[in-house]
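Listed below are the residues making up each chain.
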Amino acid sequence: MKITLLPGDGIGPEVVGAAVEVLKVVAEKFNQSVSFNEQLVGGCSYDKYGTPLTDEVLSACYDSDAVLLGAVGGTKWEMLPQNLKPEAALLKLRKALGLYNNIRPAKVYSALLSSSTLKPEVLEGTDFVILRELTGDVYFGEPRGYDENKGWNTMIYTKEEVVRIAKYAFNIARTRGNRVTSVDKANVLDCSQFWRKVVHEVHQDYPDVQLNDMYVDNAAMQIVRNPKQFDVILTQNLFGDILSDIAAMITGSLGMLPSASLGSKYALYEPVHGSAPDIAGQGKANPLATISSVAMMFAYSFQMHKAAELIEKAIEKTLSMGYRTADIFSAENILVSTSQMKDAVIENFNQIFDEQALSVFTL
Ligand code: IPM
Ligand code: MG
């Protein structure tokens, strides 16, 4: 397993550092050898090289089986022109690696039911996944720009772009609850009308999967009103950006959600949260989203579903023991640092692994 590490800015290095330790332990237990190539990306790369993404970093990504990214950005770089901002590195990486399929699961850990801003009874049992198209839409559409008097972007999708993500959505739905909600703004936007038409064409080949359409404003409301109704949410790049933050919030903390960005050749894994410069370097960051992203890496890049499942179980157990970083802490819990949380996950992983190995043996 050849993995490129892009810790990035703010809390990125802390959460990636913690997740890499988990990754090493898991790889060893499953007899996999793993090598790492660590590189700068985002603001730290800009400070050193004058660009948020160097060609060397891209080559390192092309040459690896998977990329693990922490977070990019920070107030320090906010006034830079768009193409030099840390965020530009992320967009270039997505485009250059062809990562069109962004998977953001919204799963509620039962131990965290009470840390959400939603009532536990509304939230309990929520388990959906947002499939966000990641290389099209206003994010990349041309023309774009602004002058003294106006600013403009272009919302554009090609048929091929909609077809490939729609197929993925229907396929993934078959492994879950068999339902896809396609989210658009077809009542106003031509591009969304086109999106809807193509999604329905692709659906012809998946008659066993239930499909419904929803306008994005309604979807935002429905996620908060009754999140249990969703199984797979398929959506455009911009709408997916917004909806995935809402989804992250209702699960109890943005610090909990992992993501995978997949293309036909490459894959990048990263927590959904940002670089949180205000708490960087203090050992306060929640590493669970990045650890959970490592679980997704095992599942999607290495087809090691058992490893992924055990990491998730270790996270669940750690939470149920009451361990909390500051972002999810409340009075009855045990407040831990980034590295204490990671140590607890590793300990629980080892224990669960050994128990399971033993039970296979005794069978
Ligand atoms: C995300 C982020 C990025 C996006 C930013 C940092 C460019 O918000 O991954 O959701 O808008 O896609
Ligand atoms: Mg976002």
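Rules and cut-offs
Residues numbered from 1 in each chain as written. Chains lettered and ligands numbered in written order. Predicted model: local features only at pLDDT ≥ 70, side-chain atom pairs only at ≥ 80, totals over all residues. Heavy atoms only, no water. Helix = DSSP H or I, 4+ residues; strand = E, 2+ residues; numbered from the N terminus. Rg over C-alpha atoms; globule rule 2.2 N^0.38 Å. Buried < 20%, exposed > 50% of the residue type's maximum accessible area, 1.4 Å probe, protein only. Contact = heavy atoms within 4.5 Å. Areas by Shrake-Rupley, 256 points an atom, 1.4 Å probe, with all protein chains shown as cover. Lys, Arg positive; Asp, Glu negative; His and termini not counted. Charge placed at Lys NZ, Arg CZ, Asp CG, Glu CD. Near = heavy atom within 4 Å. Polar contact = N/O pair within 3.5 Å; in protein donor to acceptor, adjacent residues only side chain to side chain. Domains from an automatic or database assignment. Phe/Tyr/Trp six-rings, centres within 6.5 Å; stacked < 30°, edge-to-face > 60°. Pairing = 2+ DSSP bridges. Axes fitted to C-alpha atoms, helices over the stretch in contact; angles between N-to-C directions. Salt bridge = Lys/Arg side-chain N within 4 Å of Asp/Glu carboxyl O. Parallel < 35°, antiparallel > 145°, perpendicular 65-115°, else oblique. Left-handed = near helix turned anticlockwise from the far one by under 90°. Nonpolar A, V, L, I, M, F, W, Y, C, P; charged D, E, K, R; others polar. Buried area = accessible area lost by both parts, 1.4 Å probe.

**Some points on the overall build of the protein**
Reasoning step 1: Each helix and strand counted, the protein has twelve helices and 14 strands in total.
Reasoning step 2: A compact globule built from 363 residues would reach a C-alpha radius of gyration of about 21 Å, and the protein, at 20 Å, matches this within 12%.
Reasoning step 3: Considering only C-alpha atoms, the protein reaches an extent of 60 × 50 × 40 Å along its principal axes.
Reasoning step 4: Counting across all 363 residues of the protein, residues that qualify as buried make up 53%.
Reasoning step 5: A separation threshold of at least 6 residues defines the contact pool for the protein, and within that pool the share at least 24 residues apart is 75%.
Reasoning step 6: When the accessible surface of the protein is summed, it comes to about 16000 Å², and 53% of that surface belongs to carbon and sulfur atoms.
Reasoning step 7: On the protein, the mean spot of the 33 positive side-chain charges and the mean spot of the 43 negative ones are 3 Å from each other.

**Comments concerning the site of ligand 1**
Reasoning step 1: Every residue close to ligand 1 is listed here: Glu87, Leu90, Arg94, Arg104, Arg132, Tyr139 and Asp241.
Reasoning step 2: Between an oxygen atom of ligand 1 and a side-chain N or O atom of Tyr139, the distance comes to 2.5 Å.
Reasoning step 3: When the free accessible area of ligand 1 is taken as 320 Å², the share hidden by the protein chains comes to 76%.
Reasoning step 4: Here the element with the most residues in the shell around ligand 1 is helix H4 (residues 86–96); it accounts for three residues.
Reasoning step 5: Mapped onto the domain boundaries, the shell around ligand 1 takes at least three residues apiece from domain 1 (1–100 + 263–363) and domain 2 (106–252).

**Topic: the packing of aromatic side chains**
Reasoning step 1: In total, this model carries seven aromatic pairs according to the counting rule given.
Reasoning step 2: Following the ring pairs from residue to residue traces out a cluster consisting of Phe30, Phe349 and Phe353.

**What to know about the environment of Asp343**
Reasoning step 1: Looking at the secondary structure, you find Asp343 in helix H12 (residues 338–362).
Reasoning step 2: Here Asp343 falls in the partly exposed class, since its relative accessible area comes to 38%.
Reasoning step 3: Put simply, Asp343 and Val22 are 321 residues apart on the chain and 8.4 Å apart in space, counted from C-alpha to C-alpha.

**So, the sheet that holds strand S11 (residues 258–262)**
Adjacent strands of a sheet pair through backbone hydrogen bonds, lying either parallel or antiparallel.
Reasoning step 1: Spatially, the ten strands line up as an open sheet ordered S2-S1-S3-S12-S11-S4-S5-S10-S8-S9, and their pairing is mixed. Edge strands, defined here as strands with exactly one partner in the open sheet, are strand S2 (35–38) and strand S9 (210–215). Each adjacent strand pair in this sheet contributes to an overall mean axis angle of 25 degrees, direction not counted.
Reasoning step 2: Relative to strand S12 (residues 267–271), S11 is paired through five bridges, and the arrangement is antiparallel. Counted as the bridge partner of Ser259 is Glu270 from S12.
Reasoning step 3: Helix-sheet contacts for H4 involve strand S1 (2–8), strand S3 (66–71), strand S4 (101–107), strand S5 (127–133) and S12, and the interaxial angle to S12 is about 150 degrees.
Reasoning step 4: Of the strands in this sheet, S4, S5, strand S8 (179–184) and strand S10 (232–235) touch helix H9 (residues 237–250), which is tilted by about 155 degrees from S5.

**Some points on the side chain of Arg104**
Reasoning step 1: By secondary structure assignment, the location of Arg104 is in strand S4.
Reasoning step 2: The buried charged residue Arg104 lacks any salt bridge partner; its closest oppositely charged side chain belongs to Asp241, at an N-O distance of 4.6 Å.
Reasoning step 3: Once residues within four sequence positions are removed from consideration, Arg104 is found in contact with Arg94, Phe128, Val129, Ile130, Arg132, Ser244, Pro258, Ser259 and Val272.

**Focus on the packing of helix H6 (residues 159–174) against helix H7 (residues 190–203)**
Reasoning step 1: Packing of H6 against H7 leaves a shortest axis separation of 9 Å and a crossing angle of 50 degrees. Regarding the angle of H6 to H7, the classification is oblique. Seen from above, H6 lies across H7 with right-handed handedness. Residues Lys159, Val162, Val163, Ile165, Ala166, Lys167 and Phe170 of H6 touch H7, and the partners they reach there are Phe194, Trp195, Val198, Val199, Glu201, Val202 and His203.
Reasoning step 2: Grouping the constituent residues of the contact of H6 with H7 by class yields ten nonpolar, one polar and three charged.

**Some points on the environment of Lys313**
Reasoning step 1: Mapping Lys313 onto the fold places it in helix H11 (residues 305–320).
Reasoning step 2: Taking the C-alpha atoms as reference, Lys313 lies 29 Å from Gln222; in sequence the two are 91 residues apart.
Reasoning step 3: Leaving out residues up to four positions away in the same chain, Lys313 has contacts with Ile352 and Gln356.

**Section: the domain arrangement of the protein**
Reasoning step 1: You can read the domains of the protein as domain 1 (1–100 + 263–363) and domain 2 (106–252).
Reasoning step 2: Taking the mean C-alpha position of each, domain 1 and domain 2 sit 24 Å from one another.
Reasoning step 3: Contact residues are listed per partner, giving 16 residues for domain 1 and 17 residues for domain 2.
Reasoning step 4: When the buried area of domain 1 at its contact with domain 2 is split by residue, Arg94, Lys95 and Tyr100 rank highest and sum to 41% of it.
Reasoning step 5: Residue Glu312 is joined to Lys107 by a salt bridge in which the shortest nitrogen-to-oxygen separation is 4.0 Å.
Reasoning step 6: For the interface between domain 1 and domain 2, the tally reads five residue pairs in polar contact (both at pLDDT 80 or more).
Reasoning step 7: For the side of domain 1 that touches domain 2, the secondary structure elements donating two or more residues are H4, helix H10 (288–302) and H11.
Reasoning step 8: When residues in the side of domain 1 that touches domain 2 are grouped by element, the largest group, five residues, is from H11.
Reasoning step 9: Considered class by class, the residues forming the side of domain 1 that touches domain 2 number eight nonpolar, three polar and five charged.

**Structural notes on the pattern of salt bridges**
It is possible for side chains of opposite charge to pair when their charged atoms get near one another.
Reasoning step 1: If you walk through the whole model with that rule in mind, you get 19 salt bridges.
Reasoning step 2: For Lys76, the salt bridge identified is with Asp47, shortest N-O distance 2.6 Å. Separated by 29 residues along the polypeptide, Lys76 in the loop between S3 and H4 and Asp47 in helix H2 (residues 43–49) bring together distant segments of the chain.
Reasoning step 3: With a relative accessible area of 61%, Lys76 lands in the exposed category.
Reasoning step 4: For Asp47, a relative accessible area of 43% translates into the label partly exposed.
Reasoning step 5: For Arg174, the salt bridge identified is with Asp208, shortest N-O distance 2.8 Å. Pair noted here: Arg174 is in helix H6 and Asp208 is in the loop between H7 and S9, with a separation of 34 residues, a long-range link.
Reasoning step 6: Residue class for Asp208 comes out partly exposed when judged on its relative accessible area of 41%.

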